[in-house]
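Chain and residue survey
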There are 2 protein chains.
Amino acid sequence: LAVDLVSGDRGVPSLLEGVLHARRTCLIPFTAHLCGRRQDIIDAFEARGSGHEEHDNLFIEDCPDSIEPGDTPSRAWKTRTHSPVIRCITLQKEGRVDASVSAGDTGILMGAAIFLLGRMEHVSRPALAAFLPTTSVRPVLLLDVGANIGCRAEQIVTFGRMGFNYFGRYFGDDCPKVALLNVGHEESKGSAVLSEAGQKLGRSCRGYCGFIEGGRVLSGDAQIVVCDGFVGNVLLKACESFHALTAQVLSGHKRLFNSLKKRMTILNAENYGAVPFLGVRGVVYKAHGSSSAMAFSHALAAAVTAVHHGLPITHDL
Amino acid sequence: LAVDLVSGDRGVPSLLEGVLHARRTCLIPFTAHLCGRRQDIIDAFEARGSGHEEHDNLFIEDCPDSIEPGDTPSRAWKTRTHSPVIRCITLQKEGRVDASVSAGDTGILMGAAIFLLGRMEHVSRPALAAFLPTTSVRPVLLLDVGANIGCRAEQIVTFGRMGFNYFGRYFGDDCPKVALLNVGHEESKGSAVLSEAGQKLGRSCRGYCGFIEGGRVLSGDAQIVVCDGFVGNVLLKACESFHALTAQVLSGHKRLFNSLKKRMTILNAENYGAVPFLGVRGVVYKAHGSSSAMAFSHALAAAVTAVHHGLPITHDL
C-alpha cells in the first residue's frame, strides 16, 4: 500500500496512528510505504515513543515537495513528482505497491491516477463510488460522488456501466439494477442531458431500469444509482450528516443507537473511510479530507480488502 | 382556500377526507372552495355518508376539464381554464380566496401562479422552499427544491434573497445566514455558475456567508441554503427516505421512535404536507403528489397558517 501521510486536515501524527491501527487490526497483513517529509514522519514516530525501524514492512518514502493551492490536476503529476500524492501513484505505476490511499484533493488524486496509471478503455472520466445503506438487505452503490462536476450524457452512461460491473463483481450478482437519479420517474422529467443518458443507458447497459427519485435511492429498488458528481457529493454528505442528527436525538439510548449505528455503518465517515475511483487502471482510494486516525485506518483496510478481492475491476469496460 | 381536489395520486375521496380533517383540527377556521368535477365530489361526500350542504363554508367549484400529459406549463393556464388547478389560481386572482393548495404537477402549478398572479419584482423564476431539521434549535430553509432545473447564477442569487426575507419574517430574525450549496467550502470549488452566484450573493445579500457542503446542511450553520432545484429536490427526498430507513431500524421501540419523529417531524411528508412557492404574488402551496388524507390536511393547515401570518412575503424583493 502507498499511503499519502500528508493529506487531509489532521496532520501526519494522526494519519500515522491510523496506519498503525490498520496494521494491528486488518485481517490481511500489508506492507505500507509512508509518503511524506522523512523528518516529519520520524518525529511522529518518536512522539509516540517508537521508531519506524521497529515496524516490519513499513517504509518511509521521503517526499520533500508538496501540492500548492494553485496547482492544477493536469500538471501536478508532472511538476510535483516529489509530493506525497504523486509519489504514491508513481510507486503504484512502478508496480511496487498494489493500491494507493490519500485524503488529499480529489482532483489532484484523480488527475494523477488518470495520467500516470491511465483510464480503462471507453472511460473518458473515472468516477468515485460509495455504498449507502438501504431498507433492503444489500446496500446501494452511488456514483459519481464528487469526481466530476457537470457531466455529459456519455459520462453518466459510463458511470452506469462501471457501477454495474463493480456491484456485480462485489456481490456476485449477474444483473444488478441500474437507475438514473432524477426529479421524477416519468420520461419527460429532468434535463436534456439526463434524457439522453437514460436513452443511451437503455441501449448499452443490461441492468438499466429507468429514472429514480431522491426518495427511492435508499429503498433498495436499484442496486446502482448514477448521477452527476455534484448531486452525488451533496447526497452522500447529507446522508452522513443525517446520521449525526439521528445520533444526537438517540444519545443516551446506547443500545438502540448501537443497533442503528451497525445498520448505518457505511454512512459513518469514521467507518467507511474511503471510496474507490472506478475507471482507472489500479486501486486508488480517496479518504475523507477530515479523516481521523480511525477513519484513515478503515480507509487502508478498504484498499487492502479491494486488492485482496481483485476490486475495483480494472479490466476494460 | 382554493383546493385542487383532483391532483395527486390518491383521488378525490382521500383529498376530501384531508379537507374535512383540516377543518376539524386547524386552529384557524377557513372557507374552502373544492375544485374538481361536481359529480365526483358529490359522490365522495355521499360515500362517507354526508352531503356537502351539511358543511358551512365549503363550496364546490365544478371543473369539468383536466390537465393532460401533453399540456405545457406556459399554455395550460390559457387553454385549461376549467381544470381544477387553473380554477384555484383564478379564484385567487379574482380575490375570492387567499391561498391555493394543489398536489398536482409542479410545473403546471408554477406556470399558473406566474402567469395569473405574476412574479414579484426582480424575480425571474419563483422557487419552492422547504424546511429541514437541524442539530441546532431552528430548522434550515432549503430552496429551490424542484421548481427550477438548471439554474443560472442570477436565479440562485434571487433564491438567496427570497429565502433571507422569508426566514427572517418567519422567525423574526434580522439577519439569518445564507449559504450556497457546493462540493466544498473553498472559493475554487464547484462550477462557474456557483462561483458567479457566490460573488453576486456576497454583494447583494446581507446574510450571505459563503459555500456550504452537503454534510453541513443539517448542522444549523446556515439558516438558509440555496441550490439548483435538481439538487434541492434530490436532497429533500433523500432526507425523507433516510427518515423511513431510521424508522425501520427503530421499529418496536415506540417511545424512542416517537421522540425521533417529533424532532424530524418536518421531514415526514405526512407532516409537513406542502411547500410554498416563493416569488409569486400570492400564497400557493404545492403538496406531495403522493399526499395521503393526513398529509393533505397538514398542507391545508400550512397554507391557512401562512395566510394568517402574512407569509410568504409577497411584496417585492
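To continue, consider the packing of helix α4 (residues 84-93) of chain B against helix α5 (residues 106-117) of chain B. All names here are of chain B. In contact at an axis separation of 10 Å, α4 and α5 are set at 30 degrees when each is read in the N-to-C sense. Taken together, the axes of α4 and α5 are roughly parallel relative to one another. Crossing hand, α4 versus α5: right-handed. Counted together, V85, I86, I89, T90, Q92 and K93 of α4 and I108, L109, A112, A113, L116 and L117 of α5 form the full contact between these two elements. Considering only residue class, the contact of α4 with α5 consists of 9 nonpolar, 2 polar and 1 charged.

Here we take up the sheet that holds strand β5 (residues 127-132) of chain A. Paired through their backbone hydrogen bonds, the strands of a sheet run either parallel or antiparallel. Residues and elements named next belong to chain A. Strand order in the open sheet formed by 11 strands is β3-β2-β1-β4-β11-β10-β5-β6-β9-β7-β8, with mixed pairing between adjacent strands. Looking at strand neighbours, the two that pair on one side only are β3 (58-62) and β8 (208-212), the edges of this open sheet. Strand-to-strand twist in this sheet, taken as the mean axis angle between neighbours without regard to direction, amounts to 25 degrees. The pairing of strand β10 (residues 274-278) with strand β11 (residues 283-287) spans 3 bridges and is antiparallel. Across the sheet, residue A274 finds its bridge partner in β11, namely A287. Packing of helix α5 (residues 106-117) onto the sheet brings it into contact with β4 (99-102), β5, β10 and β11, and relative to β11 it is tilted by some 175 degrees.

Turning to the side chain of D173 of chain B, a few remarks are in order. Residues and elements named next belong to chain B. By the element assignment, D173 lies in the loop between α6 (153-171) and β7 (178-181). At 2.8 Å, the side chain of D173 forms a polar contact with the side chain of R138. In terms of polar contacts, D173 uses its side chain to reach the backbone amide nitrogen of C175, at 2.9 Å.

Take the sheet that holds strand β3 (residues 58-62) of chain B next. Residue and element names in this part refer to chain B. Taking strand neighbours across the sheet as the criterion, the 11 strands line up as β3-β2-β1-β4-β11-β10-β5-β6-β9-β7-β8 in an open arrangement whose pairing is mixed. Every other strand in the sheet has two partners, leaving β3 and β8 (208-212) as the edge strands with one partner each. Averaged over all pairs of adjacent strands, the angle between their axes in this sheet comes to 25 degrees, without regard to strand direction. Examined bridge by bridge, strand β5 (residues 127-132) and strand β10 (residues 274-278) share 2 bridges and lie antiparallel to one another. Pairing of A127 across the sheet is with L278, part of β10.

Attention now goes to the pairing of β5 of chain B. Residues and elements named next belong to chain B. For β5, a buried count of 6 out of 6 residues is recorded, marking the element as mostly surrounded by other parts of the structure. Pairing between β5 and strand β6 (residues 140-143): 4 bridges, direction antiparallel. When the bridges of β6 are listed, A129 appears paired with L143.

Let us now look at the packing of aromatic side chains. Residue and element names in this part refer to chain B. What the rule picks out here adds up to 10 aromatic pairs over all chains. Pairing W77 with F115 gives two aromatic rings, centres 5.2 Å apart and planes at 10 degrees, and the pair type is stacked. Of the two residues, W77 is situated in helix α3 (residues 73-79) and F115 in helix α5; the sequence distance between them amounts to 38 residues.

Residue and element names in this part refer to chain A. For the structure shown, the criterion picks out 24 salt bridges over all chains. Note that R138 is salt-bridged to D173, the shortest N-O span being 2.8 Å. Remark: D173 occurs in the loop between α6 (153-171) and β7 (178-181) and R138 occurs in the loop between β5 and β6 (140-143); sequence separation between them is 35 residues. Three or more residues joined by partner-sharing salt bridges are found here, namely E61, R87, E94 and R96.

What follows concerns the pairing of strand β2 (residues 32-36) of chain B. All names here are of chain B. When you tally the buried positions in β2, you get 5 out of 5 residues, the bulk of the element. Side-chain alternation along β2 places A32, L34 and G36 on one buried face and H33 and C35 on a second face that is also buried. Taken together, the 3 bridges between strand β1 (residues 2-4) and β2 define a ladder with parallel strand orientation. Paired with V3 across the two strands is L34, which belongs to β2. Following the chain from β2 across helix α2 (residues 38-47) to the adjacent parallel β3, one finds a crossover that is right-handed.

Right, let's talk about the environment of S291 of chain A for a bit. Within the fold, S291 of chain A resides in the loop between β11 and α11 (293-308). From its side chain, S291 of chain A meets the backbone oxygen of H288 of chain A in a polar contact 2.6 Å long.

Residues and elements named next belong to chain A. On average, residues of chain A score 88 in pLDDT, and 90% of them reach the 70 mark or higher. Summarising per-element confidence for chain A, the mean pLDDT is lowest in helix α10 (residues 269-272) (52) and highest in β7 (98). Taken together, the chains of this predicted complex give a pTM of 0.81 and an interface ipTM of 0.79.

Here we take up a negative patch on the surface. A cluster of acidic side chains, namely D40, D43, E46, E53 and E54 of chain A, defines a negative patch on the protein surface. Assignment of secondary structure puts E53 of chain A in the loop between α2 (38-47) and β3.

Moving on, we come to α11 of chain A. Residues and elements named next belong to chain A. Here α11 is 16 residues long and its end C-alpha atoms lie 23 Å apart, about the 22 Å a rise of 1.5 Å per residue gives. When α11 is considered as a whole, its buried residues turn out to be A293, A295, F296, S297, A299, L300, A303, V304 and A306. Looking one or two residues past α11, G310 carries a phi angle of roughly 70 degrees, positive in sign.

Conventions we followed
- Residues numbered from 1 in each chain as written.
- Chains lettered and ligands numbered in written order.
- Predicted model: local features only at pLDDT ≥ 70, side-chain atom pairs only at ≥ 80, totals over all residues.
- Heavy atoms only, no water.
- Axes fitted to C-alpha atoms, helices over the stretch in contact; angles between N-to-C directions.
- Helix = DSSP H or I, 4+ residues; strand = E, 2+ residues; numbered from the N terminus.
- Parallel < 35°, antiparallel > 145°, perpendicular 65-115°, else oblique.
- Left-handed = near helix turned anticlockwise from the far one by under 90°.
- Contact = heavy atoms within 4.5 Å.
- Nonpolar A, V, L, I, M, F, W, Y, C, P; charged D, E, K, R; others polar.
- Pairing = 2+ DSSP bridges.
- Polar contact = N/O pair within 3.5 Å; in protein donor to acceptor, adjacent residues only side chain to side chain.
- Buried < 20%, exposed > 50% of the residue type's maximum accessible area, 1.4 Å probe, protein only.
- Phe/Tyr/Trp six-rings, centres within 6.5 Å; stacked < 30°, edge-to-face > 60°.
- Salt bridge = Lys/Arg side-chain N within 4 Å of Asp/Glu carboxyl O.
- Right-handed = clockwise from strand over helix to strand, strands pointing away.
- pLDDT = per-residue confidence, 0-100.
- Patch = residues over 30% accessible without salt bridge, like charges linked within 9 Å, V, L, I, M, F, W, Y side chains within 5 Å.
- Areas by Shrake-Rupley, 256 points an atom, 1.4 Å probe, with all protein chains shown as cover.
- Lys, Arg positive; Asp, Glu negative; His and termini not counted.
- Charge placed at Lys NZ, Arg CZ, Asp CG, Glu CD.
- Expected span 1.5 Å × (residues − 1).

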